[in-house]
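Notes for the structure review
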Amino acid sequence: MFDFIFKGLNFPSRIDSFSGIHLWIIHADKIPPHIGFSIDNHYFSLKANGKDNGISTDSILQIIQKKKIGTVLVKLNSDTTFQETKLAFDKFDSAKGLNSSCLIPIRNVLKAPNSISKLSELLYFLETQNMIYSVFGLHLSNDYKGIKSYTTTEIQQRIEKLKRC
């Protein structure tokens with residue numbers, strides 16, 4: 001069962017550039033997936049044990065390619081700026097729970113409603129606002145369709161497990 005099914009998912013043979021704004025769905029085939037955000041080749045992500053704060057998208061892509069991590073990249077139509085993105089992530093040190101999960105700074109920078117607590121809800125919001133420009137997948141099976149159903153309890157459990165590692 002899926003909480004969100006992607007329309008127009010492409011599987012490119014290579015990726016050349018991350019200019020613009022992207023939502024990164026890492027371990028897109030897992031429950032729950034992890035999400036990050038990039039703007040003009042700078043990657044941001046709130047993690048259980050810290051955060052990525054403006055690192056090169058090339059370094060993230062190298063890890064994804066080397067480990068063959070199933071990933072979906074959603075190119076967005078948004079007028080957010082690098083400074084707004086940095087400020088949104090500067091408010092957090094790490095993911096600690098549902099109020100500071102990997103979703104929260106991304107939700108804030110995209111000016112999405114505070115009621116959004118899961119990735120699928122954010123994707124529906126982006127879709128209804130016509131903010132999704134294109135979607136492409138890496139290291140996913142040809143029958144990959146979208147985000148599997150999961151609960152906020154599973155998000156909390158995953159954060160707690162990662163904090164212990």
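Right above here is the structure, for reference.
Please read these numbers as outputs of a predicted model, since none were measured by experiment. (Residues numbered from 1 in each chain as written. Predicted model: local features only at pLDDT ≥ 70, side-chain atom pairs only at ≥ 80, totals over all residues. Heavy atoms only, no water.)

Let's talk about the packing of aromatic side chains
A complete count under the given rule lists six aromatic pairs for this structure. Where Phe 4 meets Tyr 124, the ring centres are 4.9 Å apart and the plane angle is 75°; that geometry is what we call edge-to-face. Of this pair, Phe 4 sits in strand E1 (residues 2-5) while Tyr 124 sits in helix H4 (residues 119-128), and the two are 120 residues apart along the sequence. The class for Phe 4 is buried, based on a relative accessible area of 2%. Put simply, the rings of Phe 4, Phe 6, Tyr 124 and Tyr 144 touch in pairs and so form one group of aromatic residues. (Phe/Tyr/Trp six-rings, centres within 6.5 Å; stacked < 30°, edge-to-face > 60°. Helix = DSSP H or I, 4+ residues; strand = E, 2+ residues; numbered from the N terminus. Buried < 20%, exposed > 50% of the residue type's maximum accessible area, 1.4 Å probe, protein only.)

So, the pairing of strand E3 (residues 21-26)
Of all six residues making up E3, six are buried, and the element is well covered by its neighbours. By the alternation rule, side chains of E3 split into Ile 21, Leu 23 and Ile 25 and His 22, Trp 24 and Ile 26, which are all buried. Strand direction decides the pairing type here: E3 and strand E4 (residues 34-39), joined by six bridges, are antiparallel. Across the sheet, Ile 26 pairs through a bridge with His 34, a residue of E4. Inspection of the sheet shows E3 paired to strand E7 (residues 71-76) by six bridges, in the antiparallel sense. What sits directly across from Trp 24, in E7, is Leu 73. (Pairing = 2+ DSSP bridges.)

A look at the layout of surface pockets
Put simply, the largest pocket is a space of about 750 Å³. Surrounding the largest pocket, 32 residues form its lining, Ile 26, His 27, His 34, Lys 47 and Leu 162 being those nearest its centre. For the lining of the largest pocket, the secondary-structure elements that each account for two or more residues are E4, strand E5 (42-47), helix H1 (57-67) and helix H5 (152-164). In terms of residue class, the lining of the largest pocket is built from 20 nonpolar, six polar and six charged. (1 Å grid on protein atoms, 1.4 Å probe; cavity = no way out; pocket = protein on both sides within 12 Å on 5 of 7 lines; lining within 4 Å. Points joined across faces, edges and corners; volume = space filled by probe spheres on them. Nonpolar A, V, L, I, M, F, W, Y, C, P; charged D, E, K, R; others polar.)

Focus: the pattern of salt bridges
All chains considered together, the criterion is met by five salt bridges. Put simply, Glu 127 and Lys 7 hold a salt bridge, and the shortest N to O gap is 2.9 Å. Here Glu 127, found in helix H4, pairs with Lys 7, found in the loop between E1 and strand E2 (9-10); they are 120 residues apart in sequence, far enough to count as distant. Here Glu 127 falls in the partly exposed class, since its relative accessible area comes to 26%. Overall, the relative accessible area of 59% leaves Lys 7 in the exposed class. When the shortest N-O distance is used, the salt bridge between Lys 86 and Asp 90 registers 3.3 Å. A residue pair is termed a helical-turn pair when its members lie 3 or 4 positions apart in one helix, as Lys 86 and Asp 90 do in helix H2 (residues 82-90) at four residues. The exposure class assigned to Asp 90 is partly exposed, which follows from its relative accessible area of 38%. (Salt bridge = Lys/Arg side-chain N within 4 Å of Asp/Glu carboxyl O.)

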